[in-house]
Amino acid sequence: MASTRCAACKYLRRRCPSDCIFSLYFPSNNPQRFAYVHKIFGASNVGKMLQDLPVHRRADAADSLYYEAHCRIKDPVYGCVGIINILHQEIHNVQCQIAKIQAEIAFLGTHAQSDQQLQIAPNLDPNFLAEQKGLSNSFDDSSTWFF
Amino acid sequence: MASSSSYSNPPCAACKFLRRKCLPGCIFAPYFPPEEPQKFANVHKIFGASNVSKLLNEILPHQREDAVNSLAYEADARLKDPVYGCVGAISVLQRQVLHLQKELDATNADLMRYTGSETSYLNQMTAQFGRMGRGGGGGGGASFNPNSGFPAATYSSQWNNDSNSSEHGGNGSM
């Protein structure tokens, strides 16, 4: 006879047997953990899910069930799926930002190249160089003029 | 001649599964059509019909369809991955976000380098030709905020897809 019942057995008002499936994962010092899981999944379903798993996987399963239950209680409509949607959106936003900066870098890189070419003969008449700027392929095959 | 289905509507998938009469006003009927029996079967297996019914009754009618779809998604994820369910997907996505944010920081740093280089070229151009026709290179649009609002309920990064972490319960802090 266990002197301390696990949170599950306390909640369910029953004896906590020595081989209680819940006791390792729902300790008595965290009653909310089982309360949440029971509210969303039901004690019977949780017990079955844990029973169907090898022992070394049950702790992770209990943790993930608690997380899901917690999310569902906070957001009864979307639960964890709401977080997944937010993360997808975040990924999309960051990818767009990266693409935008990369485009900007590519543009600046091209500008820098074209400006470098104008500096090859710094002592020439500026008007002469301004005319040269309007020509393509003056110095380099890779030059691209963005004017 | 006497038929158990004296109602014009066929029973919804839930009532078919539960082998009961599908009464008018059945809470499940709008969301579990008879053509999708697997949807209810999955949801029932993970959450239980009674819990789903309570949950649907607690939310507004116009939100119930979304709720059922998200429950179906979670149930499906849990059946495919009995250990992590859809929390595994959250963990993967969170890692992806962190990775992308690092990439964003690095890309931003590259931009700063170019902006600095561009400024020195412009200064040289100004000194040589007395002309500054361009709009300041990369000055605009560089105000990026990689730390946009992230939900507080971030899951701990202890979850790996093939993790054998054996942490026990009691530490499910969020």
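Numbering of residues starts from 1 in every chain and runs along the sequence as written. For this description, chains carry letters from A and ligands carry numbers from 1, given in the order in which they are written. Two thresholds apply to this predicted model, a pLDDT of at least 70 for residue-level local features and 80 or more for giving and counting side-chain atom pairs, whereas whole-chain, interface and lining totals are computed over all residues. Side-chain measures here rest on the full set of heavy atoms in the structure, leaving out hydrogens and waters.

Draft legend 1. Inspection of the overall build of chain B at higher detail. Secondary structure elements follow DSSP: runs of H or I of four or more residues count as helices, runs of E of two or more count as strands, with numbering from the N terminus. If you tally the helices and strands in chain B, you get five helices and zero strands. Taken from the N to the C terminus, the helices and strands of chain B come in the order α-α-α-α-α. Scored against the burial criterion, the 174 residues of chain B give a buried share of 40%. We call two residues in contact when some of their heavy atoms are within 4.5 Å. By sequence separation, contacts in chain B at least 24 residues apart represent 51% of the contacts at least 6 residues apart. Note on areas: these come from Shrake-Rupley sampling with a 1.4 Å probe, and a residue is covered only by the protein chains present in the view. Carbon and sulfur atoms make up 52% of the accessible area of chain B, which amounts to about 9900 Å² in all. Exposure classes here rest on a 1.4 Å probe applied to the protein chains alone. A residue is buried below 20% of its type maximum, exposed above 50%, and partly exposed in between.

Draft legend 2. The packing of helix H2 (residues 31-40) of chain A against helix H4 (residues 55-74) of chain A, seen in detail. Residues and elements named next belong to chain A. Where H2 contacts H4, the two axes come as close as 8 Å, and the packing angle between them is 70 degrees. If you check the angle between H2 and H4, you find them roughly perpendicular. Taken together, the residues of H4 that come into contact with H2 (itself represented by Gln32, Arg33, Tyr36, Val37, Lys39 and Ile40) are Ala62, Asp63, Leu65, Tyr66, Ala69, His70, Arg72 and Ile73. Geometry is summarised by axes, namely lines fitted to C-alpha atoms with helices restricted to the contacting stretch, and by angles between N-to-C directions that run from 0 to 180 degrees. Roughly parallel covers angles under 35 degrees, roughly antiparallel covers those over 145, roughly perpendicular covers 65 to 115, and oblique covers all other angles.

Draft legend 3. Representation of the confidence of the model for chain A. Confidence along chain A averages 84 in pLDDT terms, with 76% of residues attaining 70 or more. Confidence scores labelled pLDDT are given residue by residue by the predictor and lie between 0 and 100. Here helix H6 (residues 126-133) of chain A stands out as the least confident element of chain A, with mean pLDDT 54; H4(A) is the most confident, with 97.

Draft legend 4. Looking closely at the side chain of A:Arg58. Residues and elements named next belong to chain A. By secondary structure assignment, the location of Arg58 is in helix H4. Comment: no salt bridge for buried Arg58; closest opposite-charge side chain is Asp52, at 7.8 Å. What Arg58 contacts, discounting residues up to four positions off in sequence, is Ile21, Tyr25, Leu50, Gln51 and Leu53. Positive charges come from Lys and Arg, negative ones from Asp and Glu, while His and the chain ends are left out of the count. Any carboxyl oxygen of Asp or Glu that lies within 4 Å of a side-chain nitrogen of Lys or Arg is treated as forming a salt bridge with it.

Draft legend 5. Spotlight on the packing of aromatic side chains. Residue and element names in this part refer to chain A. Note on aromatic contacts: the rings of Phe and Tyr and the six-membered ring of Trp form a pair at centre separations within 6.5 Å, being stacked when their planes are under 30 degrees apart, edge-to-face when over 60 apart, and tilted otherwise. Evaluated as defined, the whole model comprises ten aromatic pairs over all chains. Each ring, one from Phe22 and one from Phe34, has its centre 5.5 Å from the other, and the planes form 70 degrees; the classification is edge-to-face. On the criterion of sequence distance, the pair formed by Phe22 in the loop between helix H1 (7-12) and H2 and Phe34 in helix H2 is long-range, its members being twelve residues apart. Its relative accessible area of 0% is what places Phe34 among the buried residues. Consider the rings of Phe26 and Phe34, whose centres lie 5.4 Å apart with planes at 80 degrees: the pair is edge-to-face. Taken together, Tyr11, Phe22, Phe26 and Phe34 form an aromatic cluster joined through their ring pairs. By definition, being over a ring means that NZ of Lys or CZ of Arg is both within 6 Å of the ring centre and within 35 degrees of the ring normal. Over the ring of Phe26 we find Arg33; its NZ or CZ atom is 5.4 Å from the centre of that ring.

Draft legend 6. Seen up close, the pattern of salt bridges. In the structure shown here, the tally under the stated rule is six salt bridges over all chains. A:Lys39 is the partner of B:Glu58 in a salt bridge, and the nearest nitrogen-oxygen pair spans 3.8 Å. With B:Glu58 in helix H3 (residues 49-58) and A:Lys39 in helix H2, this pair bridges two chains. A relative accessible area of 45% places A:Lys39 in the partly exposed class. In this structure, B:Asp110 and B:Arg113 form a salt bridge, with 2.0 Å as the shortest nitrogen-oxygen distance. Residue B:Asp110 and its partner B:Arg113 are both found in helix H5 (residues 86-129); the two are separated by three residues, about one turn of the helix.

Draft legend 7. Structural context of the confidence of the model for chain B. Residue and element names in this part refer to chain B. Per-residue confidence for chain B gives a mean pLDDT of 76, with 62% of residues at or over 70. Confidence scores differ between elements of chain B, with H5 showing the lowest mean pLDDT of 83 and helix H4 (residues 64-80) the highest of 97. Here residues 1-5 scores under 50 on pLDDT; set against residues more than four positions off or in separate chains, the count is one contact. The ipTM assigned to the predicted complex is 0.72, against a pTM of 0.69.

Draft legend 8. Inspection of the environment of B:Phe28 at higher detail. All names here are of chain B. Mapped onto the secondary structure, Phe28 falls in the loop between helix H1 (13-18) and helix H2 (37-46). Each C-alpha atom, one on Phe28 and one on Val68, is 9.2 Å from the other, the two residues being 40 residues apart in sequence. In contact with Phe28, other than residues within four places in its own chain, are Cys12, Ala14, Arg20, Phe40, Ala49, Val52, Ser53 and Leu56.

Draft legend 9. Structural view of the nonpolar core. Among the buried residues, those of types Ala, Val, Leu, Ile, Met, Phe, Trp, Tyr and Cys that are joined through side-chain atoms within 4.5 Å form a nonpolar core. In terms of nonpolar packing, the biggest core is built from 53 residues, with A:Phe22, A:Phe26, A:Phe41, B:Phe28, B:Phe47 and B:Leu56 touching the most fellow members. Listed by contribution, the elements that provide at least two residues to this core are H1, H2, helix H3 (43-51) and H4 of chain A together with H1, H2, H3 and H4 of chain B. Non-local contacts of A:Phe41, meaning those with residues more than four positions away in its chain, are made with A:Val46, A:Met49, A:Leu65, A:Glu68, A:Ala69, B:Ile46, B:Phe47 and B:Asn51. Formed by 21 residues, the second largest nonpolar core is a distinct cluster that contains A:Cys80, A:Ile84, A:Ile98 and B:Ala77.

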